[in-house]
Amino acid sequence: MAATAQDSQAPLRGPEKKDEDREDETEFSPFYGIDKGAVLQEARVFNDPQIDPRRCQQVITKLLYLLNQGEVFTKKEAAEVFFGVTKLFQKQDINLRRMMYLCIKDICPGADEVIIVTSSLMKDMNSKTDLYRANSVRVLCKIIDGQLLAQIERYLKQAIVDKSAVVASAALVSALHLLGNNAEIVKRWVNEVQEAAQNKNNMVQFHAVALLHALRASDRLAISKLVTSLTKANVRSPLAQCLLVRYVAQVIQDSQPGANGEQRPFYDFLESCLRHKAEVVIFEAARAICNLRDVTARELTPAITVLQLFLSSSKPVLRFAAVRTLNKVAMTHPLAVTHCNIDMESLISDQNRSIATLAITTLLKTGNESSVEKLLKQIGSFMSDIADDFKIVVVEAIRSLCLKFPSKQRALMNFLSGVLREEGGFEYKKAIVQSILVLIQEIPDAKETGLGHLCEFIEDCEFTYLSTQVLHLLGQEGPKTKEPSKYIRYIYNRIILENATVRAAAVSALANFGVACESLRSRIIVLLRRALSDNDDEVRDRATLHLEQLEGKAGGPEAVQPRVDVNLGAMEKALADYLAGPTDKPFDISVVPKAPMSTRGVSALGLPSGAAAASGAPGLPATSAARKDPTAEYAELLRSIPQLAPLGEVFKSCEPVRLTEEDTEYAVFCVKHIYESHIVFQFNCTNTIAEQVLEDVSVAMDLAEAADFEEAFTVPLDTMPLNGVGQCFTVVSRQPGAIATGKVVNILKFKVKEIDPSTGEAEEEGYDDEYQLEDLEVTPADYVKPTLLGNFRKAWEELDPTTEKEDEYGLGTREGLQEAVEAVIGILGMQPCEGSEAVPPNARSHTVLLAGIFVGYQQVLVRMSFGIDAANNVAMK
Amino acid sequence: MATMDPTLPLVKNLLLLDSEGKRIAVKYYTPEWSTVASQASFEKALWNKTSRTNARAEAEIIMFDNVVVVYKYIGDLMFYVTGNQDENELILYTVLQAFYESVTILLRQQVEKKTVLENLDLVLLAIDEIIDGGIILETEPTMIASRVTMRGADGEQAPVPITEQTFSKALASAKEHLARSLLK
């Protein structure tokens, strides 16, 4: 081997191995038919008194080949090989030695075996040969523990500042690995690492800079200092420069954004990196600029310019890197990317499909209204030859484009229906159908065409899930269109042709038409009759039920679309309680508190949920509507109780609070209702013991710790239902408009009647009993109703300055500002305005704007400034 | 590996597969593919996605399953370098270049499965010289090749820089040509 290395023309490996498998013409591998047992046998040559280095090298290669192919050596086998290899240290053969290093690393000896090689390796560490030193450092650091490390620390420190680049790199990289478990020791080498950072060799500099940063990783200030000194020093290594760009980006991220238009610290450095010789550095800097938080258009421009150059590079890797970065920028700054549109368009036909897809989605994000048709044409030609997961990306981009330019919905809708007809997997089809559904909901003009496309789609749809979804939508939306009759044919076809699940969905959809369109009802009835002889139970059942309903029986046509008129939250709770107890009796839905009748509910809820929708991100009305105002839900219930009616209108109802431990005999929840001069405590009680009947239930309150209240009256509950929810009320009064607070001790009082197990009837005589409930607190937040303000500053200025109050509070130690802000908002019970409840990451101070209405309908606005110091103490103003 | 500084560019694996997707030499550095089965399925998925693309003239790139892979084909061999999806693609590309160019030098331009298998030790050593536990150790192909062959280790002078080396090579072959033509 030594000879071949010097002879520059001969192949590095002699042909001796080739002959082994020559008889097999097709299989030329020297490892053909290799067998672990045989190789382990062969490994005995390591023990020969006369070591043949060539042969040993071959055996090691075979062993490594086996390892590489996934062969597993038992502990014993590995130990044997390892011992054999250690014997070879006596032979001074450089190429064999190199293979031994690799072999020891790959076999990874156990802790007790390491000791055998350490002395040999330490000898190599002091060898005159650079490559011996470098390799032995790497091997040793890989296999030793902390204790041994302390012994060789001296040599490693020397190695870090070794003249030879390969030794220095080996030591620095090993130190990076050691940092995980032996940080204390590595930290002592910082002076040597500093010196290595000045090394002229690119790789040594790179490794030294990485280690310097890793040593300071937890200390933000030290990192900032390091970055300052490194940006001034001359870092030549491209990789080290890349690291530096990353560190700078991190420092910028952690620092506060400069006030209006002021340049960020270090931005100049990033920009200068855009003019670096190495493409790696240019790209790293461009990427860092694009990822800056709140980046401005002006800061982006130079980065976009270099990325644009990369777009027309001959190297796919460069094109991909650039288009991927631009794609990300296009989400937040579509305008900045429009300059690249021409280059981007030529990438649509790129060989590399990843690049083409990224180019298209970027164009869809940046495109203006006039270019939509052209784009769609280009995409259409290419859709057929990309994978489904790319197609989904494109479909999603089209959907957002359509929402952006509703006037182009016709072209985009046509495109979607076109791709819907093509071959594709379930996920892809689902993405298209979902997109069309969203468009139908968001763009009124698109409804008719969208429904038409969906009708055609279900004519030939292999996915039951999608068919039923479309049919349901047709049932909902179809009757509201101008010409409902045209959808009936499509739906009825499903009843004839599809599987049972789809047929059932189609029956329900038809019935919906029958309800909403009186003119069609008679015809629908005829169609539904045909489904009566269906061979599936569910379809027959639905058809029978709907027929009855349409003919005016079983609740009449209105019952076809049953509205869930119960409070869903309470329903869930009741069901959970029901399942927790014995389930031999059927669940009784009537015990679930009713939500206000849907029509009234909508009007009552309309305002708050509408306001909430305005605050939520556009396009997500569904989630924001879920944040219903509890007050409206309870208002109806409270009004229905005669004793409570004279108290006036409810100002606010709070969230239910559990007053009992889980899994106790009785479950009690309390809801506080705030009135002008009273507070009504509503206790939702559930009995979980089947052997008892609880009657005349009320809650007595001990107001000793809440002096401002006076108990007014109670509304007892006749019987506490088993596994259902019954309400009893306790009313206390206070000064009108006053904010009385305090803690209330509650005792549940009731009369227990045992149920005779033989007859199942309750006994005549019962006895009184009490049950201690948990304390309840009335806090100021109960008196505040969160309100949304569009323009906080204006409202703030309009308020009379004399009513202003200012105070400072120390809040003690908190995890972070976000946690402190959330806690204070929770205590005050007010609505954060203008998105001020979100604290930017790593911020040292923050201002929160809160608005609310106090009992007595006074508006309250709060502006809170939070500050946090290094010890995480939070102060509030 | 888990405690590694997140700003440090890391390589998840280096793969050398044959034209049928079978592994020749591979090295994994992250715990994501800790079993042989998971490694095999990753290699299969990767090969299925990439084998029909043309990555001969220029290295190609693909992103899937939250990783970025740069790859290049030479002869009947496929070289792959995998990194985190947020990794700078050009750094991975530098590593890929180091990988296939150092192997090319070590195999004397005969980059094919047969020669790789015959010189598997050199390829394994090259991988070991390029990446150490996920960290990029060296990216200069001539440097890697000379370290693999332990050039300069037995007392001879340090490796000749690439420009001079090619020049001396050219001179040597010119001499040879001249001698042959004279002998005819």
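Residues numbered from 1 in each chain as written. Chains lettered and ligands numbered in written order. Predicted model: local features only at pLDDT ≥ 70, side-chain atom pairs only at ≥ 80, totals over all residues. Heavy atoms only, no water.

J.: Would you mind showing me how to read the overall build of chain B here?
T.: Secondary structure summary: chain B contains 6 helices and 7 strands in total. Counting helices and strands in the order they occur from the N terminus, chain B gives β-β-α-β-β-β-α-α-α-β-β-α-α. Here chain B holds 184 residues, and 57% of them are scored as buried. Of the contacts formed within chain B by residues at least 6 apart in sequence, a portion of 49% connects residues at least 24 apart. Carbon and sulfur atoms form 56% of the exposed surface of chain B, whose accessible area is close to 7800 Å². (Helix = DSSP H or I, 4+ residues; strand = E, 2+ residues; numbered from the N terminus. Buried < 20%, exposed > 50% of the residue type's maximum accessible area, 1.4 Å probe, protein only. Contact = heavy atoms within 4.5 Å. Areas by Shrake-Rupley, 256 points an atom, 1.4 Å probe, with all protein chains shown as cover.)

J.: Looking at this structure, how should I read the state of the cysteines?
T.: The term disulfide refers to a covalent linkage connecting the sulfur atoms of a pair of cysteines. Residues and elements named next belong to chain A. According to the stated counting rule, one finds 0 disulfides over all chains in the structure shown. Free of any disulfide, Cys-242 has its nearest neighbouring cysteine sulfur in Cys-273, separated by 8.6 Å. For the unlinked cysteine Cys-340, the closest cysteine sulfur is that of Cys-290, found at 9.6 Å. (Disulfide = S-S within 2.5 Å.)

J.: Hey, could you run me through the sheet that holds strand 2 (residues 23–28) of chain B in this one?
T.: The pairing of strands in a sheet comes from backbone hydrogen bonds and takes either a parallel or an antiparallel form. All names here are of chain B. In space, the 5 strands of this open sheet follow the order 2-1-5-4-3, with antiparallel pairing throughout. Looking at strand neighbours, the two that pair on one side only are strand 2 and strand 3 (60–64), the edges of this open sheet. Here the average twist between neighbouring strands, direction ignored, is 15°. The sheet contact formed by strand 1 (residues 11–18) and strand 2 spans 5 bridges and is antiparallel. Opposite Leu-15, over in strand 2, you have Val-26 as the bridge partner. Across the face of the sheet, helix 4 (residues 120–130) comes into contact with strand 1 and strand 2 while running at roughly 25° to strand 2. (Pairing = 2+ DSSP bridges. Axes fitted to C-alpha atoms, helices over the stretch in contact; angles between N-to-C directions.)

J.: Sorry if this is basic, but what is going on with the interface of chain A and chain B here?
T.: Contacts between the two partners involve 71 residues from chain A and, on the opposite side, 61 residues from chain B. Here chain A meets chain B over a buried area of about 6000 Å², counting both sides, of which 60% is carbon and sulfur. Counting every contact that joins chain A to chain B gives 9 salt bridges. Where Asp128(B) meets Arg98(A), a salt bridge forms, and the shortest distance between an N and an O atom there is 2.7 Å. At the boundary of chain A with chain B, the tally comes to 21 residue pairs in polar contact (both at pLDDT 80 or more). With 7 residues, helix 5 (residues 94–107) of chain A is the largest single contributor of residues to the side of chain A that touches chain B. By residue class, the composition of the side of chain A that touches chain B is 34 nonpolar, 21 polar and 16 charged. (Buried area = accessible area lost by both parts, 1.4 Å probe. Salt bridge = Lys/Arg side-chain N within 4 Å of Asp/Glu carboxyl O. Polar contact = N/O pair within 3.5 Å; in protein donor to acceptor, adjacent residues only side chain to side chain. Nonpolar A, V, L, I, M, F, W, Y, C, P; charged D, E, K, R; others polar.)

J.: What exactly am I supposed to notice about the nonpolar core here?
T.: Proteins that are soluble and globular tend to have nonpolar side chains buried together. The biggest cluster of nonpolar side chains holds 258 residues, and the ones touching the most others in it are Phe46(A), Trp189(A) and Phe79(B). With sequence-adjacent residues up to four places away left out, Trp189(A) is seen in contact with Leu149(A), Glu153(A), Leu156(A), Lys157(A), Ile160(A), Ala175(A) and Leu178(A). With 28 residues, the next largest nonpolar core counts Phe651(A), Cys670(A), Cys728(A) and Leu773(A) among its residues. (Core = buried A, V, L, I, M, F, W, Y, C linked by side-chain atoms within 4.5 Å.)

J.: Looking at this structure, I do not really get the confidence of the model for chain B. What am I missing?
T.: The predicted coordinates ought not to be read in detail in places where the model reports low pLDDT. Residues and elements named next belong to chain B. On average, chain B scores 84 in pLDDT, and the residues at 70 or more come to 81%. The low-confidence segment residues 156–164 (pLDDT under 50) makes 6 contacts with residues lying over four places distant or belonging to another chain. In the model output, the complex is listed with pTM 0.64 alongside ipTM 0.84. (pLDDT = per-residue confidence, 0-100.)

J.: Explain helix 24 (residues 409–421) of chain A to me, please; I cannot follow it from the model alone.
T.: At 3.6 residues per turn, the α-helix brings residues three or four places apart onto the same side. Residue and element names in this part refer to chain A. For helix 24, built from 13 residues, the straight-helix expectation of 18 Å at 1.5 Å per residue is met to within 8% by its first-to-last C-alpha distance of 18 Å. Every buried residue belonging to helix 24 is among Gln-409, Ala-411, Leu-412, Met-413, Phe-415, Leu-416, Ser-417, Val-419 and Leu-420, and all of these are buried. Where helix 24 is buried, its residues contact helix 22 (372–383), helix 23 (388–404), helix 25 (426–442) and helix 26 (446–459). (Expected span 1.5 Å × (residues − 1).)

J.: Honestly, the packing of helix 5 of chain A against helix 4 of chain B in this entry has me stumped. Any pointers?
T.: The interhelical angle for the contact between helix 5 of chain A and helix 4 of chain B, taken along N-to-C directions, is 65°, at an axis separation of 11 Å. Between helix 5 of chain A and helix 4 of chain B, the angle is such that the two are roughly perpendicular. As helix 5 of chain A runs across helix 4 of chain B, the sense of the crossing is left-handed. Facing Arg98(A), Met99(A), Leu102(A) and Lys105(A) of helix 5 of chain A, the residues of helix 4 of chain B in contact are Asp121(B), Leu124(B), Leu125(B), Asp128(B) and Glu129(B). Its residues placed into classes, the contact of helix 5 of chain A with helix 4 of chain B shows 4 nonpolar, no polar and 5 charged. (Parallel < 35°, antiparallel > 145°, perpendicular 65-115°, else oblique. Left-handed = near helix turned anticlockwise from the far one by under 90°.)

J.: Quick question: what am I supposed to make of the side chain of Arg503(A) here?
T.: All names here are of chain A. Looking at the element boundaries, Arg-503 is found in helix 29 (residues 500–516). Looking at Arg-503, the relative accessible area reads 11%, which means it is buried. Among the polar contacts made by the side chain of Arg-503, one reaches the side chain of Asn-535 at a distance of 3.3 Å. If we skip the residues at most four places from it in the chain, Arg-503 touches Arg-494, Ile-495, Glu-498, Asp-534, Asn-535, Asp-536 and Val-539.

J.: Help me understand the packing of aromatic side chains in this model?
T.: The description of two aromatic rings rests on the distance between their centres and on the angle between their planes. Enumeration according to the criterion identifies 12 aromatic pairs over all chains in this entry. For the pair Phe82(A) and Phe83(A), a centre-to-centre distance of 6.1 Å together with 55° between the ring planes defines the contact as tilted. A relative accessible area of 36% means that Phe83(A) is categorised as partly exposed. Geometrically, the ring pair formed by Tyr71(B) and Tyr73(B) is tilted, given 5.8 Å between the ring centres and 40° between the ring planes. (Phe/Tyr/Trp six-rings, centres within 6.5 Å; stacked < 30°, edge-to-face > 60°.)

J.: Help me out: how do you make sense of the pattern of salt bridges in this one?
T.: Opposite charge on two side chains makes pairing possible when the charged atoms of those side chains draw close. A complete count under the given rule lists 32 salt bridges over all chains for this structure. The salt bridge partner of Glu80(A) is Lys76(A), with a shortest N-O separation of 4.0 Å. Of the two residues, Glu80(A) and Lys76(A) are both situated in helix 4 (residues 75–87); the distance of 4 residues between them amounts to about one turn of the helix. In terms of burial, Glu80(A) and Lys76(A) fall into one category: exposed. Residue Glu538(A) is joined to Arg542(A) by a salt bridge in which the shortest nitrogen-to-oxygen separation is 2.8 Å. Of this pair, Glu538(A) and Arg542(A) both sit in helix 31 (residues 537–550), 4 residues apart, roughly one helical turn. Several salt bridges share partner residues, and in doing so they unite Arg98(A), Lys105(A), Arg138(A), Asp128(B), Glu129(B) and Asp132(B) into one network.

J.: Which parts of the structure should I look at to understand the pairing of strand 4 (residues 678–687) of chain A?
T.: Put simply, side chains in a regular strand alternate between the two faces of the sheet. Residues and elements named next belong to chain A. Counting buried positions along strand 4 gives 10 out of 10 residues, so the element sits mostly inside the fold. Two strands pair when backbone bridges link them, and strand 3 (residues 666–675) and strand 4 are joined in this way by 9 bridges, in the antiparallel orientation. From the neighbouring strand, Val-671 faces strand 4, where its bridge partner is Gln-682. Once strand 3 ends, the chain turns through 2 residues before running back antiparallel as strand 4. One ladder, built from 8 bridges, connects strand 4 with strand 8 (residues 726–733); its direction is antiparallel. Within strand 8, the position partnered with Ile-679 by the bridge is Val-732.

J.: Mind showing me how you'd approach helix 1 (residues 36–50) of chain B here?
T.: Residues and elements named next belong to chain B. Compared with an ideal rise of 1.5 Å per residue, which puts 15 residues at 21 Å, helix 1 spans 21 Å between its outermost C-alpha atoms and is within 8% of the ideal. Among the residues of helix 1, Ser-38, Gln-39, Phe-42, Glu-43, Leu-46 and Thr-50 are the ones counted as buried. Down the axis of helix 1, the smallest arc covering the buried residues is 135°, so these residues share one side. Seen from the open side of helix 1, the exposed residues pointing more than 90 degrees away from its buried face are Ala-37 and Lys-44. Check the buried side of helix 1 and you find it contacts strand 1, strand 2, strand 3, strand 4 (67–74) and strand 5 (77–84). (Arc of directions from axis to C-beta.)

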